[in-house]
Amino acid sequence: ATMKVEAAAVMPPTARVVVVGDSGVGKSALVTRFAGDKFRSDLAATVGVDCAMRTMEVRESDGGAASSVKLQVWDTAGAERVGAITRAYLRNARVAVVVFSLEAPARTAPSVAKWVEEVREHSPQAQVVVVGSQSDRADQDVADANAAGFWLRPDVFFPSADLPNYHCVSAKTNDGVERLFRH
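So, here's what we can say about the structure. (Residues numbered from 1 in each chain as written. Predicted model: local features only at pLDDT ≥ 70, side-chain atom pairs only at ≥ 80, totals over all residues. Heavy atoms only, no water.)

Within the chain, the regular secondary structure consists of 7 helices and 6 strands. In sequence order, the chain lays out its α and β elements as β-α-β-β-α-β-α-α-β-α-α-β-α. Looking at the chain alone, contacts between residues at least 24 apart form 72% of all its contacts between residues at least 6 apart. Total accessible area computed for the chain in this model is approximately 10300 Å², and 52% of it derives from carbon and sulfur atoms. (Helix = DSSP H or I, 4+ residues; strand = E, 2+ residues; numbered from the N terminus. Contact = heavy atoms within 4.5 Å. Areas by Shrake-Rupley, 256 points an atom, 1.4 Å probe, with all protein chains shown as cover.)

Have a look at this one:
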């Protein structure tokens, strides 16, 4: 008798992505849009953490071959002070997405540096990405300046040469969301 041997399915590697930022900046809407391609304006504030998974094809930054990766995206509560729960999820993160709102930049952008510092303290290996969310609701002057690359002045927020990447997104219109997570 012959036995049929099937090749084991190759599971894509998993990368932990942790999304942090102040309350009300659009973290949950961003994760919901990415994971399920849906937008809900009535999302309740996250208590603790939520997790979404999605496998996607990504390319190396040098334009090499595409490969599959399973993104485990953790949506954390936006408490003003990082709690033990958020710190626990930051450990072993491959990427930390620090979100502020373009609708209320004067209120939310100043804390970006604090969040980046928390990430670097608790997850020094993580790539940090700063995200201006709710771009569809931004004041036109802010949106225009942001698009021109002037609004988020890295030298103001990050005096060191170790500057994070920056993306502008809208979970409502889906503008920039795929690009952010493929980055």
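Before going further, it helps to examine the pattern of salt bridges. Using the criterion set out here, one finds 1 salt bridge in the structure. Between R54 and E178 there is a salt bridge; the shortest N-O distance is 2.7 Å. You can see R54 sitting in strand 2 (residues 49–59) and its partner E178 sitting in helix 7 (residues 177–182), a full 124 residues away along the chain. Overall, the relative accessible area of 28% leaves E178 in the partly exposed class. (Salt bridge = Lys/Arg side-chain N within 4 Å of Asp/Glu carboxyl O. Buried < 20%, exposed > 50% of the residue type's maximum accessible area, 1.4 Å probe, protein only.)

To continue, consider the pairing of strand 4 (residues 95–101). Across the 7 residues that make up strand 4, a large majority, 7, are buried. Residues V95, V97, V99 and S101 of strand 4 are buried on one face, and the alternating residues A96, V98 and F100, pointing to the opposite face, are buried as well. As judged from the 5 bridges shared by strand 1 (residues 14–21) and strand 4, these two strands associate in the parallel manner. By the bridge assignment, V17 is partnered in strand 4 with V95. Pairing analysis gives 7 bridges linking strand 4 to strand 5 (residues 127–133), with the strands arranged parallel. Bridge assignment links V99 to a residue of strand 5, and that residue is V131. (Pairing = 2+ DSSP bridges.)

In this section: the packing of aromatic side chains. Summed over the entire model, instances satisfying the criterion amount to 1 aromatic pair. Directly above the ring of W115 sits K114, whose terminal nitrogen or CZ lies 4.1 Å from the centroid. (Phe/Tyr/Trp six-rings, centres within 6.5 Å; stacked < 30°, edge-to-face > 60°. Lys NZ or Arg CZ within 6 Å of the ring centre and 35° of its normal.)

Even without glycine at this site, N92 takes up a positive phi of about 65°. Of note, N92 is situated in the loop between helix 2 (84–90) and strand 4. Here the phi dihedral of N174 falls at roughly 70°; this positive angle occurs in a residue that is not glycine. By secondary structure assignment, the location of N174 is in the loop between strand 6 (165–168) and helix 7.

The next subject is the side chain of S111. With respect to the helices and strands, S111 occurs in the loop between helix 3 (105–108) and helix 4 (112–122). Classification of S111 as buried rests on a relative accessible area of 12%.

If you look at the biggest cluster of nonpolar residues, it comprises 22 residues, and the most contacted ones within it are L71, V73 and F181. The next biggest cluster of nonpolar side chains, apart from the first, holds 18 residues, and it includes W74, A96, F100 and V128. (Core = buried A, V, L, I, M, F, W, Y, C linked by side-chain atoms within 4.5 Å.)

Moving on, we get to helix 1 (residues 27–36). In terms of residue burial, helix 1 counts as a mostly covered element, since 7 of its 10 residues are buried. Turning to helix 1, its buried residues are K27, S28, A29, L30, V31, R33 and F34.

Among the structural elements, G132 can be located in strand 5. The class of G132 is buried, set by a relative accessible area of 0%. Considering only alpha carbons, one finds G132 and V169, 37 residues apart in sequence, at a separation of 6.2 Å. Discounting chain neighbours no more than four positions away, the residues touching G132 are F100, L102, Y166, H167, C168 and V169.

A few words on the environment of E121. Relative to the helices and strands, E121 resides in helix 4. Residue classification places E121 among the exposed positions, given a relative accessible area of 54%. Along the primary structure E121 and R91 are separated by 30 residues, whereas in three dimensions their C-alpha atoms are 9.7 Å apart.

Shape descriptors only; they carry no functional weight alone.
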